[in-house]
Structures are given as C-alpha cells and as structure tokens.
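# A closer look at the structure
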Amino acid sequence: MADEVHTNGSVVAETDDRLEIGEYTFSSRLIVGTSRYPNPQVMLEALEATGTELVTVAIRRVNVEDPAPESHLDLLQKGGYQVLPNTAGCYTAREAVLVARLAREALDTDLIKLEVIGDDETLMPDVEQLLKAAKTLIDDGFTVLAYANDDPITCRKLADMGCAAVMPLGSPIGSGMGIVNPYNLRIIREEVPDTPLIVDAGIGTASDATTAMELGYDGILLNTAIAEAQHPVEMAHAMRLAVAAGRRAHRAGRIPRRLYAQASSPTSGQVQVDA
Amino acid sequence: MSPATDAQIPVTVNGEDRTVPDGYPLTEVLRDLEIDPADATGVAVAINESVIRTQDWDDVTLSEEDTVEVIQAQQGG
C-alpha cells in the first residue's frame, strides 16, 4: 500500500487503502444491508451516505399467495452497487448451498454471504453446518464471506479452508449490543492474519464500528444500526466516518494503556509554593 | 420436452402442494407466480435441488413429485 506522505513528514493512508475480497476490490470498507429502511428513498440516500459499494440482499421464495413483491434490485443495480446475496434463514448446509447456487443464477455473481444459523432466538451460526457449507461452496467456485461466531478456532478453520472473508459477529444479529467480546476479536485477528476479517452483526452505533476497525478488522457489515436509527441518513454518514477513523487509528498505532498517569507537560520547573 | 397430457400430477412449488397437468412447462409455473420468464431479473429456479439455468427454462417440464423452488432477491441484511 503506497501511503501519501505529507510535507510535515506524517504518513496518511489514502485512497489506495482498499479492501480486497477474493478477486474483488473496494475503496469502501463498509458493507451495508438493504433491509428495514423506512422506505426505498431513505435506503438509497443512506447507502450513498455510507460510501459503500457492496450491499447485501436476501434470497426468498416468490410468494405463491402474494406473487412478485417488489425487490428494489433494480434500484440497487441502477445505483451501481455490487450485490452480495446472503443465505439468511438457512438452517442446514444443504439449504445454504442450494440458496447460494440459486443466488448465483439469479444475480450472476459468485459472491455469497454464507449464514447457517442454529435457531431463531439467537441467530447464532451452526458451526458444524457452516463449515460443511463453506467447504462445498468454495469447491464450487464461490467467493465465500462467512458469518461466524466470535470463536477463534472456527474463524481460523474458515480462513484455512479458503473463505475469501471471515465475518465474526460483534454481538447477536440486530441486537445493537456492539462489540461484546473485543478480546476474542483481537485473538481472531492474531489467529487469522492474512484473510480479510469483517465484523458482521451487532453494531449499534458509530463507536462500535470504530472499535472493530481499531482492533485491526478489515471492514464492517451492518444493516439495522443505520436502517432503524431515528435518522438513517445521518447515521449512515456517521458510520462512514467511524470506519475511516478506526482504520486510520489502527494504522497509526495506538499508545499502550498504562495503569498510572503519565504527565503530558514537562515534569521539571513546576511552580511550587511552600506550605 | 414431453407433450402435455390430460393426466394430473402432484408437484410442490415453493413448499406448496399443487396438481398440474403432466408435462406442465416450467415457464407456466413462473407465469402462475406472475413472473414473466422473458424478463425475470433477480429470479432463479431449482427443481429437486438442481438449479435450472435461465436459458434452459423453455425446455423444462414438470414430472410427478417434482419439487420446484422459485426465488428472487429481496431486501436483506
């Protein structure tokens, strides 16, 4: 990565600091969901405000009782967004593989956000099924972005088998609880140094995104935090800035934490008045 | 493509049991779902868990006990 060096000697990560996922390259490190916005216009304005280039969509049966609901796919494609289909709602590897293959045909993309969940209450991944599905889809030529628990062992296995990105959760999907176990995320970063890591799920507000990026994550995937904010477009702006801030802070290298204070001002020559 | 006959066969479309004429064209299944097979952006079909390429839709007819999945992209996270 060629950094821009300012005349004062400072080094700043600039526009060639890109996110690479498989064969794909993005200048934005935010991946944004398209669900739960108040209306399509707000969705489009919010997506634009995030600066994202990659947006997620779900794959669902066409409803026999209520045929052909509006997908807004045309709006997304007109907006120039790369679409990332997900396998949300799949409980088994078999279901997820079928949905991924249908998505590839429907959307003409090998990108897949692989979700295989264990139950409706937690929406936590079923690790056994997730690993099985990931292996099948990688062998089938997919660019797999795998949604995972914040478990270093699972994340390492997903990276080792060839997932293009591994996406541990910050906290449960839609919970807005933020990064509940930064220590695990840090270990995962150390265990998986060479595969893009993206925090997917649980982001509630801008500082959560910054925290994840400061931990050295390559990107953030979120939806509800923007879509259900009181002012989605304003939150979208905030998320864009938060991701950029966290990325720069990570690259800048934070100071170590100290238990005791360390004066910033000179420690000699202080004015003293005798008691 | 086998010619349509008067015989009725059971099939499943998106999880719902249906009875259709033997040899019922896949394109008719799509039209039943108000999808125009010639202009079906973001739609895909699988029969018995095998994806049917869009360019092959015209050549496919349903057989007894076929399980058809017709999906489309929707807003999602």
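Residues numbered from 1 in each chain as written. Chains lettered and ligands numbered in written order. Predicted model: local features only at pLDDT ≥ 70, side-chain atom pairs only at ≥ 80, totals over all residues. Heavy atoms only, no water.

As a further point, take the overall build of chain A. Within chain A, the regular secondary structure consists of 9 helices and 12 strands. Considered along the principal axes of its C-alpha atoms, chain A spans approximately 90 × 40 × 40 Å. Counting over 275 residues, chain A shows a buried share of 49%. For chain A, contacts bridging at least 24 residues in sequence account for 64% of all contacts bridging at least 6. When the accessible surface of chain A is summed, it comes to about 13,800 Å², and 48% of that surface belongs to carbon and sulfur atoms. Here chain A contributes 23 positively and 39 negatively charged side chains, and the mean placements of these two sets differ by 4 Å. (Helix = DSSP H or I, 4+ residues; strand = E, 2+ residues; numbered from the N terminus. Buried < 20%, exposed > 50% of the residue type's maximum accessible area, 1.4 Å probe, protein only. Contact = heavy atoms within 4.5 Å. Areas by Shrake-Rupley, 256 points an atom, 1.4 Å probe, with all protein chains shown as cover. Lys, Arg positive; Asp, Glu negative; His and termini not counted. Charge placed at Lys NZ, Arg CZ, Asp CG, Glu CD.)

The next point concerns the pairing of strand E3 (residues 43-47) of chain B. Two faces belong to every sheet, and in a regular strand the side chains alternate between them. All names here are of chain B. Most of E3 sits inside the fold, with 5 of its 5 residues counted as buried. Because side chains alternate across E3, one face comprises the buried residues Val43, Val45 and Ile47, and the other comprises Ala44 and Ala46, equally buried. The sheet contact formed by E3 and strand E5 (residues 67-75) spans 5 bridges and is antiparallel. When the sheet's bridge partners are listed, Val43 is paired in E5 with Gln72. In this structure, E3 lies alongside strand E4 (residues 50-52), joined through 3 bridges in antiparallel fashion. Within the sheet, the bridge partner assigned to Val45 lies in E4 and is Ile52. Where E3 folds back on E4, the antiparallel hairpin that results is connected by 2 residues, among which Asn48 adopts a positive phi of roughly 50°. (Pairing = 2+ DSSP bridges.)

The next thing to look at is the environment of Val57(A). The topology assignment puts Val57(A) in strand E6 (residues 54-61). Residues Val57(A) and Thr34(A), 23 residues apart in the sequence, show an inter-C-alpha distance of 6.4 Å. Among all residues touching Val57(A), those that are not within four sequence positions of it are Thr34(A), Leu76(A), Val83(A), Leu84(A), Pro85(A), Asn86(A), Leu107(A), Ala73(B), Gln74(B) and Gly76(B).

Taken together, the contacts link 28 residues of chain B with 31 residues of chain A. Between chain B and chain A, a total of about 2,600 Å² is buried, with carbon and sulfur atoms accounting for 57% of that surface. Of all residues in chain B, Gln74(B), Gln75(B) and Gly77(B) give up the largest surface area on contact with chain A, accounting jointly for 25% of the area buried on that side. Where Arg94(A) meets Glu49(B), a salt bridge forms, and the shortest distance between an N and an O atom there is 2.6 Å. Counting the contacts that link chain B with chain A gives 15 residue pairs in polar contact (both at pLDDT 80 or more). Per-element accounting of the side of chain B that touches chain A gives the leading share, 7 residues, to E5(B). Grouping the constituent residues of the side of chain B that touches chain A by class yields 12 nonpolar, 11 polar and 5 charged. (Buried area = accessible area lost by both parts, 1.4 Å probe. Salt bridge = Lys/Arg side-chain N within 4 Å of Asp/Glu carboxyl O. Polar contact = N/O pair within 3.5 Å; in protein donor to acceptor, adjacent residues only side chain to side chain. Nonpolar A, V, L, I, M, F, W, Y, C, P; charged D, E, K, R; others polar.)

Once that is clear, we can look at the pattern of salt bridges. Inspection of the entire model under this criterion finds 16 salt bridges over all chains. Salt bridges sharing partners connect three or more residues here, namely Asp17(A), Arg29(A) and Arg247(A).

Residue and element names in this part refer to chain A. Take Gln129: it is sitting in helix H4 (residues 127-139). Classification of Gln129 as buried rests on a relative accessible area of 16%. Of note is the side chain of Gln129, whose polar atom sits 2.8 Å from the backbone nitrogen of Ala93. Leave out the neighbours within four places in its chain, and Gln129 touches Tyr91, Thr92, Ala93 and Val116.

Here the focus is the nonpolar core. One broad trend across soluble globular proteins is that nonpolar side chains are buried collectively. Among the nonpolar cores identified, the biggest contains 72 residues, and Tyr37(A), Leu114(A), Val144(A), Leu158(A), Ile220(A), Ile226(A) and Met239(A) are the most heavily contacted of them. Looking at this core element by element, the count peaks at 10 residues for helix H3 (residues 93-107) of chain A. Look past the residues within four positions of Ile226(A) in its chain and what remains in contact with it is Val32(A), Tyr37(A), Ala46(A), Thr50(A), Pro232(A), Met235(A), Ala236(A) and Met239(A). One finds Leu33(B), Ile35(B), Val43(B) and Trp57(B) within the second-largest nonpolar core, a separate group that totals 21 residues. (Core = buried A, V, L, I, M, F, W, Y, C linked by side-chain atoms within 4.5 Å.)

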